[in-house]
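Remarks on the overall topology
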Amino acid sequence: MATAAIFSSMRRRRSPSVEAFLAPVDLSEVALVQTLVAISSELVSCFSDKVFFFQRRNSRCLIRKIEVLVVLLEYVKDSESGSMSKLPSTAILCFKELYLLLYRSKILLDYCAQSSKLWLLLQNPSISSHFHDLNQEISTLLDVFPLNDLELSDDVREQVELLQKQARNPKLYVDESDEGLRVKLFSFLDDFGNGRIPNHGDLRLFFVERLWIRDSISFRHEIEFLEEQIVNHEGDIEPTACVLNGFVAIVRYCRFLLFGFEEDEVLFLSWDQKKPRKGLIAREIADTFLTVPKDFCCPISLELMRDPVIVSTGQTYDRSSITRWIEEGHCTCPKTGQMLDHTRLVPNRALRNLIVQWCTAHGVPYDPPETRDASAESFAAACPIKAAVEANRATATLLIKQLADGSQGAQTIASREIRLLTKTGKENRAFIAGAGAIPHLRKLLSSSSPIAQENSVTAMLNLSIHDKNKRLIIDEDGCLTSIVEVLKLGLTTEARENAAATLFSLSAVHDFKKRIADQEGAIEALVGLLRVGTSRGKKDAVMALFNLSTHTDNCARMIKARAVAELVGALQNEGVAEEAAGALALIVRQPIGAEAVGKEEMAVSRLITMMRCGTPRGKENAVAALLELCRSGGAAATERVLKTPALAGLLQTLLFTGTKRARRKAASLARVFHRCENTSLHPSGFRNGNSTTNISTFGGDVSVPMSLSVL
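Thresholds applied
Residues numbered from 1 in each chain as written. Predicted model: local features only at pLDDT ≥ 70, side-chain atom pairs only at ≥ 80, totals over all residues. Heavy atoms only, no water. UniProt positions renumbered as here; feature names shortened; annotations may be inferred. Helix = DSSP H or I, 4+ residues; strand = E, 2+ residues; numbered from the N terminus. Buried < 20%, exposed > 50% of the residue type's maximum accessible area, 1.4 Å probe, protein only. Contact = heavy atoms within 4.5 Å. Areas by Shrake-Rupley, 256 points an atom, 1.4 Å probe, with all protein chains shown as cover. Patch = residues over 30% accessible without salt bridge, like charges linked within 9 Å, V, L, I, M, F, W, Y side chains within 5 Å. Salt bridge = Lys/Arg side-chain N within 4 Å of Asp/Glu carboxyl O. Lys, Arg positive; Asp, Glu negative; His and termini not counted. Charge placed at Lys NZ, Arg CZ, Asp CG, Glu CD. Axes fitted to C-alpha atoms, helices over the stretch in contact; angles between N-to-C directions. Parallel < 35°, antiparallel > 145°, perpendicular 65-115°, else oblique. Left-handed = near helix turned anticlockwise from the far one by under 90°. Pairing = 2+ DSSP bridges. Nonpolar A, V, L, I, M, F, W, Y, C, P; charged D, E, K, R; others polar. pLDDT = per-residue confidence, 0-100. Expected span 1.5 Å × (residues − 1). Core = buried A, V, L, I, M, F, W, Y, C linked by side-chain atoms within 4.5 Å. Phe/Tyr/Trp six-rings, centres within 6.5 Å; stacked < 30°, edge-to-face > 60°.

As annotated in an unreviewed UniProt entry, the protein carries the name RING-type E3 ubiquitin transferase and comes from Gossypium armourianum. What UniProt records for the protein under Catalytic activity (unreviewed entry) is the sentence "S-ubiquitinyl-[E2 ubiquitin-conjugating enzyme]-L-cysteine + [acceptor protein]-L-lysine = [E2 ubiquitin-conjugating enzyme]-L-cysteine + N(6)-ubiquitinyl-[acceptor protein]-L-lysine." Per its UniProt entry, the protein bears the Pathway (unreviewed entry) comment "Protein modification; protein ubiquitination."

**Digging into the overall build of the protein**
Scanning the protein from N- to C-terminus turns up 36 helices and 5 strands. Taking all 711 residues of the protein together, the buried fraction comes to 53%. Long-range contacts, defined as pairs at least 24 residues apart, comprise 72% of the intrachain contacts of the protein with a sequence gap of at least 6. Within the structure as shown, the protein displays about 31,700 Å² of accessible surface, and the carbon and sulfur contribution to it stands at 51%.

**Topic: a negative patch on the surface**
Among the surface-exposed residues, Asp 154, Asp 155, Glu 158 and Glu 161 lie close enough to one another that they form a single negatively charged patch. Tracing the sequence through the fold places Asp 155 in helix α7 (residues 154-167). Here Asp 155 falls in the partly exposed class, since its relative accessible area comes to 44%.

**A few points about the packing of helix α21 (residues 450-464) against helix α24 (residues 493-506)**
The interhelical angle for the contact between α21 and α24, taken along N-to-C directions, is 20°, at an axis separation of 9 Å. Comparing the axis directions of α21 and α24 gives the class roughly parallel. Seen from above, α21 lies across α24 with left-handed handedness. Residue-level contacts link Gln 453, Glu 454, Val 457, Thr 458, Met 460, Leu 461 and Ser 464 of α21 to Glu 494, Ala 495, Asn 498, Ala 499, Ala 501, Thr 502, Ser 505 and Leu 506 of α24.

**Quick notes on the sheet that holds strand β2 (residues 316-318)**
Here 3 strands make up an open sheet; going across it, the order is β2-β1-β3 and the pairing antiparallel. Two strands lie at the open edges of the sheet, namely β2 and β3 (346-347), each paired on one side alone. In this structure, strand β1 (residues 308-310) lies alongside β2, joined through 3 bridges in antiparallel fashion. Its bridge partner being in β2, Pro 308 is matched across the sheet by Asp 318. Across the sheet, helix α14 (residues 319-327) is in contact with β1, β2 and β3; its angle to β2 comes to roughly 95°.

**Examining the packing of helix α20 (residues 437-444) against α21**
Where α20 meets α21, the axes come as close as 8 Å, and the angle between the chain directions of the two elements is 145°. Relative to α21, α20 is oriented so that their crossing is left-handed. Here α20 contributes Ile 438, Leu 441, Arg 442 and Leu 444 to the contact with α21, which in turn contributes Ala 452, Gln 453, Ser 456, Ala 459, Met 460 and Leu 463. Class assignment of the residues belonging to the contact of α20 with α21 gives a composition of 7 nonpolar, 2 polar and 1 charged.

**Structural notes on the environment of Phe 54**
Within the fold, Phe 54 resides in the loop between α2 (29-47) and α3 (56-78). Distance from Phe 54 to Asp 175, taken between C-alpha atoms, is 8.6 Å for residues 121 residues apart in sequence. For Phe 54, the contacting residues outside a window of four places in its chain are Lys 117, Leu 120, Leu 121, Asp 178, Leu 181 and Leu 211.

**Remarks on the pattern of salt bridges**
Tallying each qualifying case throughout the model produces 26 salt bridges. With a closest N to O distance of 2.7 Å, Asp 307 and Arg 319 form a salt bridge. Of this pair, Asp 307 sits in the loop between α13 (280-291) and β1 while Arg 319 sits in helix α14, placing them 12 residues apart in sequence. Classification of Asp 307 by relative accessible area gives buried; the value is 14%. Among the salt bridges present, the one from Arg 536 reaches Glu 497, with a minimum N-O distance of 3.3 Å. Placement of Arg 536 in helix α27 (residues 535-549) and of Glu 497 in helix α24 is noted, with a sequence separation of 39 residues between them. Salt bridges here are not isolated pairs; linked through shared partners, they connect Glu 227, Arg 252, Arg 255, Arg 416 and Glu 417.

**Side note on the confidence of the model for the protein**
This prediction gives the protein a mean pLDDT of 80; 82% of its residues lie at or above 70. Low pLDDT (under 50) marks residues 270-290, which in the prediction has 32 contacts with non-local residues, meaning those over four places away or in another chain.

**Quick word on helix α18 (residues 408-421)**
What sets the pattern is the α-helix's 3.6 residues per turn: residues three or four places apart point alike. Taking 1.5 Å of rise per residue, 14 residues should cover 20 Å, and α18 covers 20 Å from first to last C-alpha, within 8% of that figure. Most of α18 sits out of view: 12 of its 14 residues are buried. Every buried residue of α18 is listed here: Gly 409, Ala 410, Gln 411, Thr 412, Ile 413, Ala 414, Ser 415, Arg 416, Glu 417, Ile 418, Arg 419 and Leu 421.

**Some thoughts on the nonpolar core**
Within the largest apolar cluster, 105 residues are counted, with the highest numbers of intra-cluster contacts made by Ile 483, Leu 526, Leu 567, Met 611, Leu 626 and Leu 669. Considering each element in turn, this core owes the most residues, 8 residues, to helix α33 (residues 616-632). Leaving out residues up to four positions away in the same chain, Met 611 has contacts with Lys 619, Ala 622, Val 623, Leu 626, Leu 647, Leu 650, Leu 651 and Leu 654. Ranked by size, the runner-up nonpolar core spans 87 residues in total, among them Val 37, Ile 66, Leu 141 and Leu 211.

**Describing the packing of aromatic side chains**
Per the counting criterion, the structure on display carries 11 aromatic pairs. Seen from their ring centres, Phe 192 and Tyr 253 are 5.8 Å apart, and the 80° between their planes marks the pair as edge-to-face. One end of the pair, Phe 192, is in helix α8 (residues 176-193); the other, Tyr 253, is in helix α11 (residues 241-259), and 61 residues separate them in sequence. Here the two residues Phe 192 and Tyr 253 agree in accessibility, since each one is buried. When the centroid spacing of 5.7 Å and the interplanar angle of 45° are considered together, the rings of Phe 207 and Phe 219 count as tilted. Of this pair, Phe 207 sits in helix α9 (residues 200-210) while Phe 219 sits in helix α10 (residues 216-233), placing them 12 residues apart in sequence. This pair shows no difference in class: Phe 207 is buried, exactly as Phe 219 is.

Structure follows, in structure tokens:
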């Protein structure tokens, strides 16, 4: 890693003050020397007795040089004969440069003292190189320092001259023993990557005897530090994030292999009693959905698209998902509800290239379609992510065994670790479910421990993101019922919200929508969460209700559960308004749904408000809901919509500025106005003198009179 990159890493880790990078141009000679004395003395005091696990020789060498500089600086500060006003300008420039070198030394020593052992081991050549750079700069500074222009005592001069000689031509020193450990660590990565699990004795010798990582707590700290580096460096890191993820997986496996669960169990339970966990899992599962950009996820499976294709409506789906949708006999676009003009699928190569670039930058495994070439196969085989997968697979075996046979505390820890493993990675979700985790997690859903319940339902949510696991969860006896029970009576807010998110994920499969809605109290609990939940809980609830509303058999049940009233109320909540309007647009397609929406006094006015102030997607959902209300609600509902003030002007605005779907829906609603005008249902109509607006451009086939006046 380049010197600048190393210091960038250190700044992110330690956040030192700005003085570390700017010369002290505003300090007087007296203040400058006093500051240098303070900084150098602090360095010697803090680090002279410090035992460095790595970079021992480099650290001691740097500290010894600073000790000599302390002697020089203190003499200059205290000497009456060497008055500050007599300091030559060359000496002042050297002292200003020394100011920067001392601060950089402090950053480097502090970094070596506080970083994790594995991280220092992985960075060993780079950090050694940076010590070498600092030594070279100190050597250059001493060579140009005007020693003869200062009145120094003989012993001080002798020490500085000796340091000058010793500092000349510094050699790069990389500890061979440390390098041997680093090579051994990479050999473990190769072993897992080739499908070989290293010997138990070798792992113990390396981690426990050589690195002195001697308990479960220390292993956890190592894992957390490596994960922090992956996040903080945002892809600009060496080793790459892909390699670091492999090491994280290996260390996690060794943690449980070498120390089991009992020690960690005592620590975890006592830590849990002292520290509030509110929001912890909520943030982590939020990360699960936010990690992958929304445009890269298939609207059907909600997973990262492997082979994005475009259907006739212009929407993009993963090929496997939309092919299955069409093969099941559907002839509409799942996202928009439009009829498909044809079933040809056009590859979206531009989006696929963006997905590949994003996956590469973030170390996310990307499975290309089956037509991949040999070079892609070779790259995938060589990618260190395979080591992470194999290490995680070995870890999952240990965890599932604890879920089955461990104590309550060990089960809680195992469910937490499974939650973390399933947070990312299609492979992790696939083999953990395939190894039999779901039945054991289902039992923990009924646990009296809030943490165990929260961990298990969140792990279930993570597993459900993988398409094939949805069927395993639904088919597991009593699993869906247990998830609904957590939604209704969960011991923590996070557990209830994650149960709602799990139903949202499962309801992406059309065949499961009715089974979910038929669960006693499921829709009522979602409605309750939409009413009183947190922002994230309301979002999950409304998305689940939206998915359930796409099944025609669920409409009556949703009306009975007062879902319509809560969805109308949610139109005022900016965070969930889009989805609420979309759900209402689906519900009003059925006469009983249109009747229920029509009975809600504020429904039309709030949809109108969304047409005026909502997001582009919110506007199209709102106008779609009003159009469907007119089509299915009868004359009374149509009249109520058409008599709404300002609707004509809003429709005209949407015809020119809305999304493609919004323009199409606005044009259709404008034709309703036209027909109603001809039947005198709406006398004011869209007439504005003789002016007309042709809406055929937007998908219509008639010219409808338009008015800019407020009705």
